[in-house]
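A closer look at the structure
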Amino acid sequence: MANKVVLRGRVLTGTTEIPDGVVVLDGPTIAFVGEVSEAQAAGHDLAGARAVPVVTPGLVDIHCHGGGGASFPDAEDAATAMAAVLEHRRAGTTTLVASLVTAAPETLLQRSGVLAELAEAGEIAGAHLEGPFVSVERCGAQDPALIQAPSADLVREVAQVLGRHFVTMTIAPEKDGNVGKGGVTEALIDAGALPSYGHTDAAAGEMRVALDEAHERLAAPGVRSARPTVTHLFNGMRPLAHREAGPIADCLSAAARGRVVVELVADGTHVHPALVRDVIEMVGAENVAFVTDAMAAAGMADGSYRLGSQDVTVADGVARLTVGGAIAGGTARLSDVLRRTVRGGVPLVDAVRSATHTPATVLGRTDVGRLEVGARADVLLLDDGLRVLDVLRGGEPVPQA
């Protein structure tokens, strides 16, 4: 194995922890993962192994609008969008889904074409459309003037552009035409994409109906995943209250039963760290995907930015619409999220699972988000403080400059 790389340290495989483990990379794939004694028994020479405090799979972000000064919803060409991809890749995200925001149909189709080009080149894992079939009442940073009535025909047009790279679309379940026969949910699943329920003013029970429908439709063979997702749980939806339950309890109940994956923007701004810990304890890390919801300012200084049709001001690391003040995406990378959730009390093994293995299941991918023999050699090397030391993608070092 001329291109063999041997790593030794605290190994998080994506589902389990090996306190003193070994990971062997053979070019672009993983050749061995296990305990030191198992590596020695298998004949691996550990004399030249690189000692690393923490070894995890490359991170998997399924909801990201940009970074490094570039915005996917505003990128008119692949070269511009790549600036965002590389910002997150340098920080440890080796598998990334690029997210658009609510926009006019012609804009969505043009931007989808840009993302399809990147996906075909293997630079991103696909595309997520956040809108435009969402709630005006819970639009957050989505432009309410561009929100439109649900259209299965538009879904099919987007699917024509994106093909197999169409991963998810955020829709509000209470809007007529998003659920039910001939609706958007059906069109998404027929196209190979997943409904992601969010930006919703749904009352108690409306989310449950949508999740049950999606679960039934996703039982068919050949689907991307058997589970739909929930877009950034708690944010952009009617809050949980003891006299008006809203959609959150339905989401948590479904997640606890393994019927949905809930996204959490666990950056310390969107959701309190204690609540992140509580959700993991309630529903399990296998049902939670940490996402960044990052916009162009991720990895950048405070200042003025754009998110689709709207101006954003970033102050003290928090992005808000310049007019109205709604939170407008995140500024953290997924490795930042991982570190902050562990500091907030989430066990490292659970935090890694929610940042790697669980989101990979949403993609229907078994070659990423895990340290397993035969998987792609995507590896994140961290110090004792969970800060990034090095990133490998397909066995190749990711340049840090």
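Residues numbered from 1 in each chain as written. Predicted model: local features only at pLDDT ≥ 70, side-chain atom pairs only at ≥ 80, totals over all residues. Heavy atoms only, no water.

**Considerations on the overall build of the chain**
Across its full length, the chain carries 11 helices and 20 strands. Each principal axis of the C-alpha atoms in the chain carries an extent, and together these give about 65 × 40 × 40 Å. Split into buried and exposed, the 401 residues of the chain put 58% on the buried side. The long-range fraction of contacts in the chain, counting pairs at least 24 apart against all pairs at least 6 apart in sequence, stands at 71%. For the chain, the accessible surface area stands at approximately 14600 Å², while carbon and sulfur atoms represent 50% of it. Of note, the chain has its 33 positive side-chain charges centred 3 Å away from the centre of its 49 negative side-chain charges. (Helix = DSSP H or I, 4+ residues; strand = E, 2+ residues; numbered from the N terminus. Buried < 20%, exposed > 50% of the residue type's maximum accessible area, 1.4 Å probe, protein only. Contact = heavy atoms within 4.5 Å. Areas by Shrake-Rupley, 256 points an atom, 1.4 Å probe, with all protein chains shown as cover. Lys, Arg positive; Asp, Glu negative; His and termini not counted. Charge placed at Lys NZ, Arg CZ, Asp CG, Glu CD.)

**Quick look at the nonpolar core**
The biggest cluster of nonpolar side chains holds 80 residues, and the ones touching the most others in it are F72, L115, F166, M169, L233 and F290. Each residue touching F290, except ones within four places of it in the same chain, is listed here: V60, L264, A266, V276, I280, L334, V337, T341, A351, S354 and A355. (Core = buried A, V, L, I, M, F, W, Y, C linked by side-chain atoms within 4.5 Å.)

**Thoughts on the packing of helix α2 (residues 78–90) against helix α3 (residues 105–120)**
Between α2 and α3, whose axes approach to 10 Å, the crossing angle comes to 65°. The way α2 lies across α3 gives a crossing that is right-handed. From α2, A78, A81 and M82 reach across to α3, where they touch V114, E117 and L118. Class assignment of the residues belonging to the contact of α2 with α3 gives a composition of 5 nonpolar, no polar and 1 charged. (Axes fitted to C-alpha atoms, helices over the stretch in contact; angles between N-to-C directions. Left-handed = near helix turned anticlockwise from the far one by under 90°. Nonpolar A, V, L, I, M, F, W, Y, C, P; charged D, E, K, R; others polar.)

**What about helix α10 (residues 348–355)?**
Along α10, the positions that sit buried rather than exposed are L348, A351, V352, S354 and A355. Down the axis of α10, the sector holding all buried residues measures 165°, keeping them to one side. (Arc of directions from axis to C-beta.)

**A closer look at the environment of G66**
Relative to the elements of secondary structure, G66 occurs in strand β6 (residues 66–67). According to the relative accessible area criterion, G66 is buried, its value standing at 0%. With sequence-adjacent residues up to four places away left out, G66 is seen in contact with S71, F72, A84, H88, A294, M295, A296 and A298.

**Considering the sheet that holds strand β9 (residues 126–130)**
Strand order across the open sheet formed by 8 strands is β5-β8-β9-β10-β11-β12-β13-β14, with parallel pairing between neighbours. Among the strands making up the open sheet, the edge pair consists of β5 (59–64) and β14 (288–290). Across 4 bridges, β9 lies against strand β10 (residues 166–171) in parallel orientation. Note that in β10 the partner of H128 across the bridge is T168. (Pairing = 2+ DSSP bridges.)

**Some words on the sheet that holds strand β1 (residues 4–12)**
As summarised here, the arrangement of the 7 strands in space is β3-β2-β1-β4-β18-β19-β20, forming an open sheet in which the pairing is mixed. Strands at the two margins of the open sheet, each flanked by one partner only, are β3 (29–35) and β20 (396–397). Bridge analysis of strand β19 (residues 388–393) against β20 gives 2 bridges, and the strand direction is antiparallel. Across the sheet, R393 pairs through a bridge with E396, a residue of β20.

**Remarks on the side chain of N235**
Along the chain, the position of N235 falls in the loop between β12 (229–230) and α7 (248–256). There is a polar contact of 3.3 Å between the side chain of N235 and the backbone oxygen of H270. Ignoring sequence-local partners within four residues, the contact set of N235 consists of H270 and V271. (Polar contact = N/O pair within 3.5 Å; in protein donor to acceptor, adjacent residues only side chain to side chain.)

**As for the pairing of strand β17 (residues 318–321)**
Side chains of β17 alternate between two faces, with A319 and L321 buried and V318 and R320 left unburied. Sheet analysis places strand β16 (residues 310–315) next to β17, joined by 4 bridges and oriented antiparallel. What sits directly across from V314, in β17, is A319. Between β16 and β17, which pair antiparallel in sequence order, lie 2 residues; one of them, D316, sits at a positive phi of approximately 55°.

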